[in-house]
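Listed below are the residues making up each chain.
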Amino acid sequence: VQLVESGGGLVQPGGSLRLSCAASGFTFSSYVMTWYRQASGKEREFVASITSAGGSTNYANSVKGRFTISRDNGKNTVSLQMNSLRPEDTAVYYCNARRGSRMYWGQGTQVTVSS
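Parameters at a glance
- Residues numbered from 1 in each chain as written.
- Predicted model: local features only at pLDDT ≥ 70, side-chain atom pairs only at ≥ 80, totals over all residues.
- Heavy atoms only, no water.
- Disulfide = S-S within 2.5 Å.
- Helix = DSSP H or I, 4+ residues; strand = E, 2+ residues; numbered from the N terminus.
- Buried < 20%, exposed > 50% of the residue type's maximum accessible area, 1.4 Å probe, protein only.
- Core = buried A, V, L, I, M, F, W, Y, C linked by side-chain atoms within 4.5 Å.
- Contact = heavy atoms within 4.5 Å.
- Phe/Tyr/Trp six-rings, centres within 6.5 Å; stacked < 30°, edge-to-face > 60°.
- Lys NZ or Arg CZ within 6 Å of the ring centre and 35° of its normal.
- Pairing = 2+ DSSP bridges.
- Axes fitted to C-alpha atoms, helices over the stretch in contact; angles between N-to-C directions.
- Salt bridge = Lys/Arg side-chain N within 4 Å of Asp/Glu carboxyl O.

Enquirer: Even after reading the chapter, I still don't get the state of the cysteines, so can you show me in this structure?
Expert: Simply put, disulfide is the name for a covalent bond between the sulfur atoms of two cysteines. Within this structure, the stated rule accounts for 1 disulfide. Linked covalently through their sulfurs, cysteine 21 and cysteine 95 form a disulfide whose S-S length is 2.1 Å. With the S-S dihedral at roughly -80°, the linkage between cysteine 21 and cysteine 95 falls on the left-handed side. Taken together, the residues cysteine 21 in strand E3 (residues 17-24) and cysteine 95 in strand E9 (residues 91-99) connect sequence positions 74 residues apart. Residues cysteine 21 and cysteine 95 agree in their burial class; the two are buried.

Enquirer: Just checking my understanding: could you explain the nonpolar core for this structure?
Expert: Here is a general trend for soluble globular proteins: nonpolar side chains tend to be buried in one another's company. The biggest cluster of nonpolar side chains holds 29 residues, and the ones touching the most others in it are Met33, Trp35, Val78, Leu80, Met82 and Tyr93. For this core, the elements supplying multiple residues, two or more each, are E3, strand E4 (32-38), strand E5 (45-50), strand E7 (67-72), strand E8 (77-82), E9 and strand E11 (109-113). Contact partners of valine 78, with chain neighbours within four places excluded, come to Leu19, Ser20, Cys21, Phe28, Met33, Trp35, Ile50, Ile69, Ser70, Arg71 and Cys95.

Enquirer: Can you help me understand the packing of aromatic side chains in this one?
Expert: Two measures describe an aromatic ring pair: the distance that separates the ring centres and the angle between the ring planes. For the structure on display, the rule yields 7 aromatic pairs. Their ring planes at 70° and their centres at 4.8 Å tell us that phenylalanine 26 and tyrosine 31 sit as a pair that is edge-to-face. Considering the side-chain rings of phenylalanine 26 and tyrosine 104, the 5.2 Å spacing of their centres and the 45° angle between planes classify their relative orientation as tilted. Pair noted here: phenylalanine 26 is in the loop between E3 and E4 and tyrosine 104 is in strand E10 (residues 102-105), with a separation of 78 residues, a long-range link. Here the aromatic cluster, defined as three or more aromatic residues joined through ring pairs, consists of Phe26, Phe28, Tyr31 and Tyr104. Between the NZ or CZ atom of arginine 44 and the centre of the ring of tryptophan 105, over which it lies, the distance is 4.6 Å. Above the ring of phenylalanine 28, the side-chain terminus of arginine 71 is found at 4.4 Å from the ring centroid.

Enquirer: Help me understand the environment of serine 79 in this model?
Expert: When you line up the elements, serine 79 lands in strand E8. Owing to a relative accessible area of 9%, serine 79 belongs among the buried residues under this scheme. Counting along the chain gives 35 residues from serine 79 to arginine 44, while the straight-line C-alpha distance between them is 19 Å. The contacts of serine 79, once residues within four sequence positions are left out, are Arg18, Leu19, Ser20, Trp35, Thr68, Ile69 and Ser70.

Enquirer: What is the right way to look at the sheet that holds E3 in this model?
Expert: Strand pairing in a sheet takes place through backbone hydrogen bonds and is either antiparallel or parallel in direction. Within the open sheet, the 4 strands sit side by side as E1-E3-E8-E7. Their pairing is antiparallel. Edge positions in the sheet fall to strand E1 (2-6) and E7, since each has one partner strand and no second. When the angles between neighbouring strand axes are averaged without regard to direction, this sheet yields 15°. With 6 bridges connecting them, E7 and E8 associate as antiparallel partners. Each residue of the ladder has a partner; that of threonine 68, found in E8, is glutamine 81.

Enquirer: Please explain the pattern of salt bridges as it appears in this structure.
Expert: Pairing is possible between side chains of opposite charge, provided their charged atoms come close. Counting across every chain of the model gives 3 salt bridges. For arginine 37, the salt bridge is made with aspartate 89, and the minimal N-O distance between the two is 2.9 Å. Of the two residues, arginine 37 sits in strand E4 while aspartate 89 sits in the loop between E8 and E9, which places them 52 residues apart along the sequence. Each member of the pair, arginine 37 together with aspartate 89, is buried.

Right, here's the structure in full:
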């Protein structure tokens, strides 16, 4: 099983980034996919989730209206479009797959928002 995040980097406040997570080794289309983030010195927190078929999404209040989660079950990928980025969005972003008691994590990708 692998979840590989990509797309992180350094961006100025107000800018945009698109994170991607490529999944392999499990039945991707059966899993709820979630993005979490962890800022330095803080606990990991929920960012956004999408149901297995992509019919429903959920967002943390802090990112609602700025971030969009999507998935492509044909390509086994989940993405997070991040717009209007703020310094407080700086964190390592993790991709998570969950189905019942089964859960997988990616290794994370760093997002830094700074001028």
